[in-house]
Amino acid sequence: MTHVDIPFLRYLDEEGRPVATLPTWLDKAILHTFYRNMVMVRSYDKKAIALQRTGKLGTFPSHLGAEAVGIGVGLAMQEQDVYVPYYRDMPTLYVRGVPMEKNLQYWGGDERGCVFYKADGELSEDLPICVPIATQITHAAGIAAAFKLRNQPRVAVVTIGDGGTSKGDFLEGLNCAGVWHLPMVMIINNNQWAISVPRKLQSSAPTLAQKGMGAGVRSIQVDGNDVVAVYDATRIAVERARAGKGPTLIEAISYRLGDHTTADDATRYRDAAEVEAAWAKEPVKRLRQFMAEQGWWDEHQEQALLAEASREVDRAVAAYEGTAPQAPETLLDYQFAELPKDYRGQRQRIIAKGMQRHAGGEHS
């Protein structure tokens, strides 16, 4: 295939050294914010996996290695924007205000874990976690279309994995974004593996970003291990969309350092040397090295942050484990925007009838 030039953004290399002129907005305080949140969600990730292994959580999708993508995207948005996540997006949800215990609740099988609230107690308009692959792209396109029709200065931001870009939903939503000139930003978290299928077997296109070009969508790549680059690219894309300049597709090139989920064993299909090489490029160490070189971070601060993260994760686990289980009869409460007339009464009658049949020894 003919090579297609796609803009590529990177500020920090694998060793945390600047390779381009740093953005004017960058300072010590914002880097500390990036780093603190990245350490927080990495600590959470480790604990969530341990909870699953001990039977206290359902199947869990690790975000190990994608911290820069999640944190960079989330912090680049404004509160009035709407986020449409996929299943590996706990880091973005966290900086959007979703407590860790809410995410644990969801992966523990409780739909209440997808009811998000803003800091002021108002119900958030960010969408629930989306497990069906790529369907969230069309949802985001619909939300962005509503913003445009209402002439609202708001943006729909949606994320997807590299494997999801092979689905028809992705192409349909992308096409809508382009033809309708929607205020929408799509981030592909290209972590190189769609469960057991490597990137090279998913698409023959040299980049995933160029899939947006055919839809007339501005498309770029960023180093997904460089949180400065992810934040800057997303910030620019969001403000372009807000100003009526149309959608952007961002391919963030990262690497999935862990298994696809806790139901997977990546050692069965991935070469150990490939994973070892990826660890040398990982995002948390990269930012820490840059800050240390600037004199903005030291070992005392590191240990204090790790202790804080441990306390926060322990607090979240205690809150999760202390929440009363969801009653079985609430199963359908989250399936309808408005419940059918006399739904609750019907539900109680059905449950009562089932209990009577069970007591009488009847079987269906």
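As the structure is a prediction and not an experimental result, all values here were calculated from the model.

Novice: So what about the overall build of the chain? Which residues, and what values?
Specialist: A count of helices and strands for the chain gives 11 helices and eight strands. Referenced to the eigenvectors of the C-alpha coordinate spread, the extents of the chain come out at roughly 75 × 50 × 45 Å. Summarising the internal contacts of the chain: among those between residues at least 6 apart in sequence, 72% fall at separations of at least 24. The chain carries 41 positive and 45 negative side-chain charges, and their two centres are separated by 4 Å.

Novice: Now, about the nonpolar core: what can you tell me, with residues and values included?
Specialist: In this structure, F34, V157, V185 and L287 are the most contacted members of the largest nonpolar core, which totals 64 residues. Here this core takes 11 residues from helix 1 (residues 28-53), the largest share from any one element. If we ignore the near neighbours within four places in the chain, the residues touching L287 are L12, L31, F34, Y35, M38 and V227. Counting 24 residues, the second-largest nonpolar core is a separate cluster that includes V82, V84, A156 and L249.

Novice: Before we move on, can you summarise helix 2 (residues 67-76) with the specific residues and values?
Specialist: The element helix 2 is extensively covered by neighbouring structure, given that nine of its 10 residues are classed as buried. The set of residues buried in helix 2 consists of E67, A68, V69, G70, I71, G72, V73, G74 and A76.

Novice: Talk me through the packing of helix 2 against helix 7 (residues 227-242); I want residue IDs and the actual numbers.
Specialist: How two helices sit against one another is set out by the angle between their axes and by the gap between those axes. Helix 7 packs onto helix 2 with a crossing angle of 35 degrees between their chain directions and a minimal axis gap of 8 Å. The hand of the helix 2/helix 7 crossing is right-handed. Facing A68, V69, G72, V73, L75 and A76 of helix 2, the residues of helix 7 in contact are V227, V230, Y231, T234, R235 and V238. Here the residues of the contact of helix 2 with helix 7 sort into nine nonpolar, two polar and one charged.

Novice: A description of the state of the cysteines should follow, citing residues and the corresponding values.
Specialist: Each disulfide consists of a covalent bond between the sulfur atoms of two cysteine residues. Applying the stated criterion to the full structure yields zero disulfides. In this model C114 remains outside any disulfide bridge; the closest cysteine sulfur is found in C130, 9.7 Å from its own. In this structure C114 comes out as buried when scored by relative accessible area, which is 14%. With no disulfide partner, C176 has as its closest neighbouring cysteine sulfur the one in C130, 16 Å distant. Exposure remark for C176: the relative accessible area of 23% places this residue in the partly exposed category.

Novice: Just give me the short version of the UniProt feature "domain: Dehydrogenase E1 component" (unreviewed entry) in the chain, but keep the residues and values in it.
Specialist: Residues annotated in UniProt with the feature "domain: Dehydrogenase E1 component" (unreviewed entry) correspond here to residues 35-323. End C-alpha to end C-alpha, residues 35-323 measures 30 Å, and it is 44% helix and 11% strand.

Novice: Tell me what's going on with the packing of helix 4 (residues 100-107) against helix 10 (residues 299-321), and back it up with residues and numbers.
Specialist: At a closest axis distance of 8 Å, the pairing of helix 4 and helix 10 adopts a crossing angle of 50 degrees. Taken together, helix 4 and helix 10 sit at an angle that is classed as oblique. In this structure, the crossing between helix 4 and helix 10 has a hand that is right-handed. Between helix 4 and helix 10, the contacting residues are M100, E101, L104 and Q105 on the first element and E312, V313, R315, A316, V317, A319 and Y320 on the second.

Novice: Outline the environment of L332, supporting the account with residue identities and numerical values.
Specialist: Positionally, L332 belongs in the loop between helix 10 and helix 11 (343-359). A relative accessible area of 39% places L332 in the partly exposed class.

Novice: Quick one: what's the story with the pattern of salt bridges, residue by residue and with numbers?
Specialist: Following the criterion strictly, the structure yields 19 salt bridges and no others. One salt bridge in this structure joins E282 and R42, with 3.1 Å as the shortest N-O distance. Of this pair, E282 sits in the loop between helix 8 (272-279) and helix 9 (283-293) while R42 sits in helix 1, and the two are 240 residues apart along the sequence. The residues E282 and R42 share a single accessibility class, namely buried. Across the salt bridge formed by R154 and E125, the nearest N and O atoms sit 2.7 Å from each other. With a gap of 29 residues between them, R154 in the loop between helix 5 (135-149) and strand 3 (156-161) and E125 in the loop between helix 4 and helix 5 connect regions that are remote in the sequence. Under the relative-accessibility criterion, R154 is labelled buried at 14%. Within this structure, R10, E14, D223 and R286 form a network of salt bridges that share partners.

Novice: So what's going on with helix 1? Which residues, and what values?
Specialist: The terminal C-alpha atoms of helix 1 lie 38 Å apart, and with 26 residues this matches the ideal 38 Å at 1.5 Å per residue to within 8%. The opening residue of helix 1 is D27, an N-cap whose side-chain oxygen sits 3.2 Å from the backbone nitrogen of A29. Taken from the residues just after helix 1, G55 is the one with a positive phi, measuring 80 degrees.

The rules behind each value
Residues numbered from 1 in each chain as written. Predicted model: local features only at pLDDT ≥ 70, side-chain atom pairs only at ≥ 80, totals over all residues. Heavy atoms only, no water. Helix = DSSP H or I, 4+ residues; strand = E, 2+ residues; numbered from the N terminus. Contact = heavy atoms within 4.5 Å. Lys, Arg positive; Asp, Glu negative; His and termini not counted. Charge placed at Lys NZ, Arg CZ, Asp CG, Glu CD. Core = buried A, V, L, I, M, F, W, Y, C linked by side-chain atoms within 4.5 Å. Buried < 20%, exposed > 50% of the residue type's maximum accessible area, 1.4 Å probe, protein only. Axes fitted to C-alpha atoms, helices over the stretch in contact; angles between N-to-C directions. Left-handed = near helix turned anticlockwise from the far one by under 90°. Nonpolar A, V, L, I, M, F, W, Y, C, P; charged D, E, K, R; others polar. Disulfide = S-S within 2.5 Å. UniProt positions renumbered as here; feature names shortened; annotations may be inferred. Parallel < 35°, antiparallel > 145°, perpendicular 65-115°, else oblique. Salt bridge = Lys/Arg side-chain N within 4 Å of Asp/Glu carboxyl O. Expected span 1.5 Å × (residues − 1). Polar contact = N/O pair within 3.5 Å; in protein donor to acceptor, adjacent residues only side chain to side chain.

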